[in-house]
Amino acid sequence: MAMGAFTEEDVISVRHYTDRLFSFRVTRPQSFRFRSGEFVMIGLMVDGKPLLRAYSIASPAWDEELDFYSIKVPDGPLTSQLQHIQPGDKILMGKKSVGTLVLDALEPGKRLYLLSTGTGVAPFASVIRDPETYERFDQVILTHTCREVAELTYGKELVEAVREDPLVGEFVGDKLVYYPSVTREDFERTGRITQLMDDGVIYDELGVPPLNPETDRVMICGSMEMLDSCKQRCERAGLKEGSNARPAQYVVEKSFVG
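Residues numbered from 1 in each chain as written. Predicted model: local features only at pLDDT ≥ 70, side-chain atom pairs only at ≥ 80, totals over all residues. Heavy atoms only, no water.

**Quick look at the sheet that holds strand β1 (residues 6–16)**
The 6 strands lie next to each other as β4-β3-β6-β1-β2-β5, forming an open sheet whose pairing is antiparallel. The open sheet has two free edges, formed respectively by β4 (49–56) and β5 (65–71), since each of these has just one partner strand. Taking each pair of neighbouring strands and ignoring which way they run, the sheet shows an average axis angle of 40°. (Pairing = 2+ DSSP bridges. Helix = DSSP H or I, 4+ residues; strand = E, 2+ residues; numbered from the N terminus. Axes fitted to C-alpha atoms, helices over the stretch in contact; angles between N-to-C directions.)

**Considerations on the nonpolar core**
Among the nonpolar cores identified, the biggest contains 35 residues, and L112, L114, I128 and M219 are the most heavily contacted of them. Elements with a minimum of two residues in this core: β7 (111–117), α2 (122–127), β8 (139–146), α4 (153–164), β9 (176–182) and β10 (216–221). When neighbours within four sequence positions are excluded, I128 is seen to be in contact with L114, Y134, V140, L142, L158, V159, V162, V168 and L176. (Core = buried A, V, L, I, M, F, W, Y, C linked by side-chain atoms within 4.5 Å. Buried < 20%, exposed > 50% of the residue type's maximum accessible area, 1.4 Å probe, protein only. Contact = heavy atoms within 4.5 Å.)

**Description of the sheet that holds β7**
Here 5 strands make up an open sheet; going across it, the order is β9-β8-β7-β10-β11 and the pairing parallel. Both outer strands of the open sheet, β9 and β11 (250–253), are each paired with one neighbouring strand and no more. Sheet twist, expressed as the average angle between the axes of neighbouring strands with direction ignored, equals 15°. Alignment of β10 against β11, held across 4 bridges, turns out to be parallel. Looking at the pairing, V218 lines up with Y250 of β11. Across the face of the sheet, α4 comes into contact with β8 and β9 while running at roughly 170° to β9. Its contacts with the sheet place helix α8 (residues 224–236) against β7, β10 and β11, and it is angled at close to 165° to β10.

**Some words on the packing of aromatic side chains**
Summed over all chains, the structure comprises 8 aromatic pairs. Their ring planes at 85° and their centres at 5.8 Å tell us that Y17 and Y69 sit as a pair that is edge-to-face. One end of the pair, Y17, is in the loop between β1 and β2 (21–27); the other, Y69, is in strand β5, with 52 residues separating them in the sequence. By relative accessible area, which is 3% here, Y69 ends up buried. Ring centres 5.7 Å apart and planes at 80° place the aromatic pair Y17 and Y154 in the edge-to-face group. Linking Y17 in the loop between β1 and β2 with Y154 in helix α4, this pair joins segments that are 137 residues apart in sequence. Taken together, F22, F24, Y55 and F68 form an aromatic cluster joined through their ring pairs. Cation over ring: R189 sits above Y179, and NZ or CZ is 3.8 Å from the ring centre. (Phe/Tyr/Trp six-rings, centres within 6.5 Å; stacked < 30°, edge-to-face > 60°. Lys NZ or Arg CZ within 6 Å of the ring centre and 35° of its normal.)

**Here we look at the pattern of salt bridges**
Using the criterion set out here, one finds 17 salt bridges in the structure. Between R25 and E65 there is a salt bridge, and its shortest N-O distance comes to 2.6 Å. Residue R25 is located in strand β2, and its partner E65 is located in strand β5; the two are separated by 40 residues in the primary sequence. As a salt-bridge pair, E38 and R35 come within 3.1 Å of each other at their nearest N and O atoms. With a relative accessible area of 5%, E38 lands in the buried category. Among the ionic contacts, a cluster of salt bridges with common partners joins R25, D63, E65, D67 and R129. (Salt bridge = Lys/Arg side-chain N within 4 Å of Asp/Glu carboxyl O.)

Shape is all these values report; function is a separate question.
Next comes the structure, spelled out in structure tokens:
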């Protein structure tokens, strides 16, 4: 990646949630444009060379700064160093954003499912803060599955903030539904999202019919295994995969960070 392909941005704040998860906020270049749900290359100079990885932008497109949510990989070439950034430090950021977790890649529908695991909730932090999401859908269901309860904190606080946000709150109303689950600890809801779908638990608890290509649209972001299993459920229900060029009923993002 040529040096001219990215800018240097200032770290504004950093927050560590667990020994595995942290978020950070950086300055946004005035010329930087993105659609809610897209990702951008983020990185550091390591041994005199730029080392960058794809990161979903967790901010809504109207924000004046940019949020990111990251896992810490102890031996990861980038995150092993990125997790030590402090306010005032500089990071590298690509000048162009891309991605398929955007409203434009979906056909109109009634209900939007945002299925996430771990840091896969990051692009949805952007999507649920975009007024257009609520103009397009009657109901927005954000599911977030983590291993431990503490790992849900980011998503839980995000949803609370969205509902109280002076700009977006009036669009949200009661359209946004938050549906967390945990796989390795006791919690009000345990199990993978695919299991909760297969057993019909999610539909019973939310009082909605099972996935239907006529009404439902789905965005999926998480581990490769989760992406594949959620895709299978969508296909089985008759939903077709969409893209920027050809909108359809569900879309998948593969953004991996090491």
